[in-house]
Amino acid sequence: MIAFWIVGAIVVASAVWTVTARKPVYSVVGLLINFAALAALYLSLSAEFLAVIQIIVYSGAILILFLFVIALLSSGVAPFAQGPNRLPRIVVPAVAIVAVALVGLVAGINGAAILTPSVSPSGSPLGPVGSAGVFGSVADFGKALFTTHLLPFEVTALILMVAVIGVVMLAGDQTPYVGSSKQAARVERQAREAILRGGDR
Amino acid sequence: MILNPFGTADWMAIAPIVALAIASLLVLLADLVARPAISRYGAVAIGLLGTAAAAVLAAMQYGHVYAAFFGGFVTGGFTTVFEEIVAIALAGSLALYATLGDPKRIGGTVALMLWGSCGAMLMAGAANLMTIFLGLELLSLALYCLCGMVDRRGARESALKYLILSSTASGFLLFGMALLFGASGSVLLADLARPQLAANPLFWMGSGLFLIGLAFKMSLVPFHAWAPDVYEGAPLPVTAYMSVATKAATLAVFARVLYAALPAGTASHVMLPVWIVAGISMIAGNVGMLAQHDLKRLLAYSGIAQVGYILTAMAGGSALGLRYAIYYLVAYTFMNLGAFAVATAISGEHEEGARLVSYAGLARRRPWLAAAMTFFMLALAGMPPTAGFLGKILILATSADSGYAWLGGLLVAGTAISLYAYAKVVRAMYLPQSGDHHVADLRPIAPLAWISVTLCLIGVIAMTFYPLTPSNVLPLLR
Amino acid sequence: MTGALPVALGNYVALASVMFFIGVVGVLVRRNPLVMLMSIELMFNAANVLFMAFARAWLQNAGQIFAFLVITVAAAEAAIGLAIVVAVFRSAATVDVDEVRSLHG
């Protein structure tokens, strides 16, 4: 129980850091901490497989992708816009009101019975029900994925195809870099001048 | 050991989607193997063949209600109708790509369009939260790529804007779905209809967030700001596709939730915000049209209002209302695609047809195209000799019957406002003007553009004289 | 494995709501599209927390599978989003949604 509060505090703090950090790299680090804490949370909810997937896919693949793009773009002509950029005055009270409402709502929910009381999960016709002993195991998860939820699983194949083809067509074309070619020309000219001056630059 | 739990009926249920997926792979393969030989027409032809196959396979399921994949995908009249609408939108937009597409990228473009339609068709039959979410994301992801596929800066910026706003809406939708799952313990829409849920706070929060997500995708008024900008930035065929297929697929999900997945007695409370928002959309969309000088922006605002009309038909929750909503949606599909086909026909590399100034004096240069465009504008405005008029009369009748006369009143008011905006296009074509532009003057018009304009015209006229409304659209779930 | 959750279910709902809210504020307030994309990831993960907690509470692994699919979709979305950011950057040499003046509104 204490573990939940520690993990929860880390999750919230790192999420706030992600959103408020001045540089995108810090945001990525915040998100990394957030995802690691979430993986711990998933473990405590007996979702072992998902905890591992969270680390491998989110931390290992998605965040690295972000880092690559940040590295790629930061070497370009214009640096990123810095700081907490756009905060119209209307937003501040709106955020405060929503935050208060959210806390009130959650407090209300904590009091109310959340799970529909008269429906018992094991007795209702909800499809295959994981028994308590094996719930969350990789075997249980895989069996459900390839039987009950086969169709959604197959659709993810199409989604990944869209991502692959779309990214290749968006970013992989041979059109010259408009900004970067100018920069490249400038760098080249400076280098040439430096060489002509005697090479101390 | 695990036995294969799925039979032929399960696979036949998703056969239209599989046909589109196979066609997309064939397009990519042809593009890879025979790049110089395969022209724009080759890629588009393969895509059209796949679409035709999908349409036939979908039609075969019309009278056969079956819950495939443990309730993930339900076939039958309702699903078939929406699959056919998606197929029409896909065929119409692919035909436009044959005249406007970039030959270097045509393979990937057509493939993305086909995959997006897989997502839209999945949404048409989705009866489970997972299938809804994945279908929506498949459609949206393909559209983000298609919007950014052109080398214009505006297109890429609109793609970025679309991606960020639409993903945020997906986040709302997903959080709502998580809450609904928490309330019912199941991802099946059918399990959301259990009466015990009416007392559960999670159900109310979840359905609220879910509806916000859907309202964004349908571009209803507080969440509409993206539509004109994104439509303006995207290539013409993509705009045509988005304006029809996204709306149809989202409306299919909305209708299934409204008609089959709410606890008894809660529909009027859960959906009241949607009806209010639909009423505001009818006014605001039509008012927004008045100031536009770009055909895509004009049709974007028009679409905002048209969704309002369709929702008005559903407001009572009656079976007849659903049939009229489908009738109006099909008519809208034809007239909207027709308007985009005319715009494509007078466009060259720079999409001249998207700007209203290009229509000045069109009646003298292209009398038949101008006449067709006039007809589509009259139909969109809902003027008497067209399917748009008939659809609006039917919607008014059903809204009066079901106690939503105030929505009908807003529909009439919105229609009155919109007349001026549609008349602006017609006036530009017929009235002689001083600064007569000759941008798209006597460029030959591609035969496929002529064919699509003619087919849309036939579609609208046929809808007028044979007002078929599908009778077996219910039950939506089993 | 049987028995109640580590803490009451409402606490998970509260945690997820707060996380979701932070993500929404991030999208609304920040201009840098990379940070906006990260905020969207936060929103998706907040939903995943709910799915996990409810899956455990109901002992229904559908929630876990939903979360698995969400992770897949989020990966595809991040890839496409970053590709579009790179494409915009190439033609504009700046990545700042407010600098995008040709599309107002």
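Residues numbered from 1 in each chain as written. Chains lettered and ligands numbered in written order. Predicted model: local features only at pLDDT ≥ 70, side-chain atom pairs only at ≥ 80, totals over all residues.

Draft legend 1. Summary view of the overall build of chain C. Secondary structure summary: chain C contains three helices and zero strands in total. Traced from its N-terminal end to its C-terminal end, chain C shows the element sequence α-α-α. By the burial criterion, 75% of the 105 residues in chain C qualify as buried. Long-range pairs, those at least 24 residues apart, make up 47% of the contacts in chain C with a sequence separation of at least 6. (Helix = DSSP H or I, 4+ residues; strand = E, 2+ residues; numbered from the N terminus. Buried ≥ 20, exposed ≤ 12 C-beta atoms within 10 Å, placed from the backbone. Contact = placed C-beta atoms within 7 Å.)

Draft legend 2. Local environment of the packing of helix α1 (residues 2-20) of chain A against helix α2 (residues 24-44) of chain A. Residue and element names in this part refer to chain A. At their nearest, the axes of α1 and α2 sit 8 Å apart, and the two run at 155° to each other. Accordingly, the angle class assigned to the pair α1 and α2 is roughly antiparallel. In the packing of α1 onto α2, the handedness of the crossing is left-handed. Here Ala3, Phe4, Val7, Ile10, Val11, Ser14, Ala15, Trp17 and Thr18 of α1 lie close against α2, whose contacting residues are Ser27, Gly30, Leu31, Ile33, Asn34, Ala37, Leu38, Ala40, Leu41 and Ser44. In the contact of α1 with α2, the residues fall into 13 nonpolar, six polar and no charged. (Axes fitted to C-alpha atoms, helices over the stretch in contact; angles between N-to-C directions. Parallel < 35°, antiparallel > 145°, perpendicular 65-115°, else oblique. Left-handed = near helix turned anticlockwise from the far one by under 90°. Nonpolar A, V, L, I, M, F, W, Y, C, P; charged D, E, K, R; others polar.)

Draft legend 3. Broad picture of the interface of chain B and chain A. Taken together, the contact pairs 37 residues of chain B with 29 residues of chain A. Elements with a contribution of two residues or more to the side of chain B that touches chain A: α5 (106-125), α6 (129-147), α7 (153-184) and α8 (201-217) of chain B. No other element matches the eight residues that α6 of chain B contributes to the side of chain B that touches chain A. Residues belonging to the side of chain B that touches chain A are distributed by class as follows: 22 nonpolar, 10 polar and five charged.

Draft legend 4. Region of the structure containing the confidence of the model for chain B. On average, residues of chain B score 88 in pLDDT, and 96% of them are at 70 or above. Mean pLDDT in chain B bottoms out at helix α15 (residues 362-365) of chain B, which sits at 84, and peaks at α6 of chain B, which reaches 95. (pLDDT = per-residue confidence, 0-100.)

Draft legend 5. Structural detail: the nonpolar core. Judged by nonpolar contacts, the single largest core of 305 residues is most densely connected at Val162 of chain A together with Val86 and Leu138 of chain B. The dominant element in this core, judged by the number of residues it contributes, is helix α3 (residues 62-92) of chain C, at 23 residues. Both domain 1 (1-258) and domain 2 (271-478) of chain B contribute no fewer than three residues apiece to this core. Discounting chain neighbours no more than four positions away, the residues touching Val162 of chain A are Leu112, Trp115, Leu138, Leu141, Ala142 and Cys145 of chain B together with Ala76 of chain C. (Core = buried A, V, L, I, M, F, W, Y, C linked by C-beta atoms within 7 Å. Domains from an automatic or database assignment.)

Draft legend 6. Highlighting unusual backbone geometry. Residues and elements named next belong to chain B. For Phe69, which is not a glycine, the phi torsion comes out positive at approximately 55°. Structurally, the position occupied by Phe69 is in the loop between β1 (67-68) and β2 (73-74). We classify Phe69 as buried; it has 23 C-beta atoms within 10 Å. Even without a glycine there, the phi angle at Ser219 is positive, about 55°. With respect to the helices, strands and loops of the structure, Ser219 is situated in the loop between α8 and α9 (226-233). Overall, Ser219 belongs to the buried group, with 26 C-beta atoms counted inside 10 Å.

Draft legend 7. The arrangement of the confidence of the model for chain C in detail. Residues and elements named next belong to chain C. Considering every residue of chain C, the mean pLDDT works out to 83; 83% of them sit at 70 or more. Throughout residues 98-105 the model reports pLDDT below 50, and contacts reaching past four residues in sequence, or to other chains, amount to 15 contacts. Note on the complex model: pTM 0.90, ipTM 0.91.

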